[in-house]
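Tertiary structure, described
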Amino acid sequence: MVRPKPEKRRSGLTGSARTRQARQAQERARAEADQDLHGSVRTPRGAEDHPGTDAADPGTPASGPGDESFLKRAAQVRYALLAIALVMLLWFIVAMQDHTTWGPELPMPTWALDIAALSPLLVLIRFWNPETRRKSDTLEFDLRVISGLYFLMAFLGAALGGYWQLWPGVAISAAVHAGIWYTNRRTRSHG
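Report on the accompanying structure. (Residues numbered from 1 in each chain as written. Predicted model: local features only at pLDDT ≥ 70, side-chain atom pairs only at ≥ 80, totals over all residues. Heavy atoms only, no water.)

1. Section: the packing of helix 4 (residues 110-126) against helix 7 (residues 167-190)
Note the following rule: For helices, the fitted axis covers only the stretch in contact; all axes are lines through C-alpha atoms, and the angles between them, taken along N-to-C directions, range from 0 to 180 degrees. Only runs of H or I of at least four residues qualify as helices and only runs of E of at least two qualify as strands under DSSP, and these elements are numbered from the N terminus. Convention used here: angles under 35 degrees read as roughly parallel, angles over 145 as roughly antiparallel, angles from 65 to 115 as roughly perpendicular, and any remaining angle as oblique. By convention the crossing between two helices is left-handed if the near helix lies anticlockwise of the far one by an angle smaller than a right angle, and right-handed if it lies clockwise. Contacts are residue-level and defined by heavy atoms, with any inter-residue pair within 4.5 Å sufficient. Amino acids are sorted into nonpolar (Ala, Val, Leu, Ile, Met, Phe, Trp, Tyr, Cys and Pro), charged (Asp, Glu, Lys and Arg) and polar (every other residue, Gly among them).
Interhelical geometry of helix 4 versus helix 7 gives an angle of 15 degrees and a closest axis separation of 8 Å. Here helix 4 is positioned roughly parallel relative to helix 7, judged by the angle of their axes. When the axes of helix 4 and helix 7 are compared, the crossing they make is left-handed. Residues Asp114, Ala117, Leu118, Pro120, Leu121 and Leu124 of helix 4 lie in contact with helix 7, whose contacting residues are Pro168, Gly169, Ile172, Ser173, Val176, Gly179 and Ile180. A breakdown of the residues in the contact of helix 4 with helix 7 according to their chemical character gives 9 nonpolar, 3 polar and 1 charged.

Written out as structure tokens, the structure is:
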């Protein structure tokens, strides 16, 4: 009885194609390993030479160990925003109250409220990509609520109290809401 020779398996890839795939896999692994402390991914060396490899978007955190540092940073930003908003809310309430009831007399937080209204705008600029904001569970919600609170306080102080210095705070708070709407709309239309 004659045994037939076993045929070699052919994967359909030539030697150069397998080499290219292996090189791309190594570059992807190297890119994941080259994460810096901020969670963004550095462009692998030579990635621009190979059209098949895409560098990660620096505005989005990489999956894996970078997610943990991103979530930690987002939580720190959230607590800072909440602390600033709480101080401004208490200051605003005390400034609006009858001073015989509370005792301490504080002036209206005009320029301080304008500066505090910049904090959600700066966070929005830092986390401009909506996908990045969605990775943190509450960051976008916090930006909306806190800038809405600043809008309400600044509008009440400017319209009812006659403090013209609060109009920039109204504009800044409205800009945060417009920026969130714009980035979300642009992502929905392009993605």
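2. Details of the side chain of Ser173
Keep this limit in mind: The rule is simple: take the accessible area with a 1.4 Å probe, protein chains only, and divide by the maximum for that residue type; under 20% is buried, over 50% is exposed, in between is partly exposed. Any pair of N or O atoms that falls within 3.5 Å is considered a polar contact. Within protein, one atom must be able to donate a hydrogen and the other to accept it, and sequence-neighbouring residues count only if both atoms are side-chain atoms.
Inspection of the secondary structure assignment puts Ser173 in helix 7. Residue classification places Ser173 among the buried positions, given a relative accessible area of 1%. Only 3.4 Å separates the side chain of Ser173 from the backbone oxygen of Ser147, close enough to count as a polar contact. Separated by 2.9 Å, the side chain of Ser173 and the backbone oxygen of Gly169 make a polar contact. In this view, Ser173 contacts Ala117, Ser147, Tyr150 and Phe151; residues no more than four positions away in its chain are not counted.

3. Some details on the pattern of salt bridges
Stated formally: By definition, a salt bridge exists where a carboxyl oxygen of Asp or Glu is found within 4 Å of a side-chain nitrogen of Lys or Arg.
Summed over the entire model, instances satisfying the criterion amount to 4 salt bridges. A salt bridge links Glu131 to Arg134; its shortest N-O distance comes to 3.1 Å. With Glu131 and Arg134 both in helix 5 (residues 130-135) and 3 residues apart, this pair spans about one turn of that helix. Here Glu131 falls in the partly exposed class, since its relative accessible area comes to 39%. Here Glu140 and Arg133 are joined by a salt bridge, their closest N and O atoms 3.2 Å apart. According to the relative accessible area criterion, Glu140 is buried, its value standing at 14%. The class of Arg133 is buried, set by a relative accessible area of 0%. One connected set of salt bridges, linked through shared partners, spans Arg133, Glu140 and Arg144.

In short, geometric facts, not functional conclusions.
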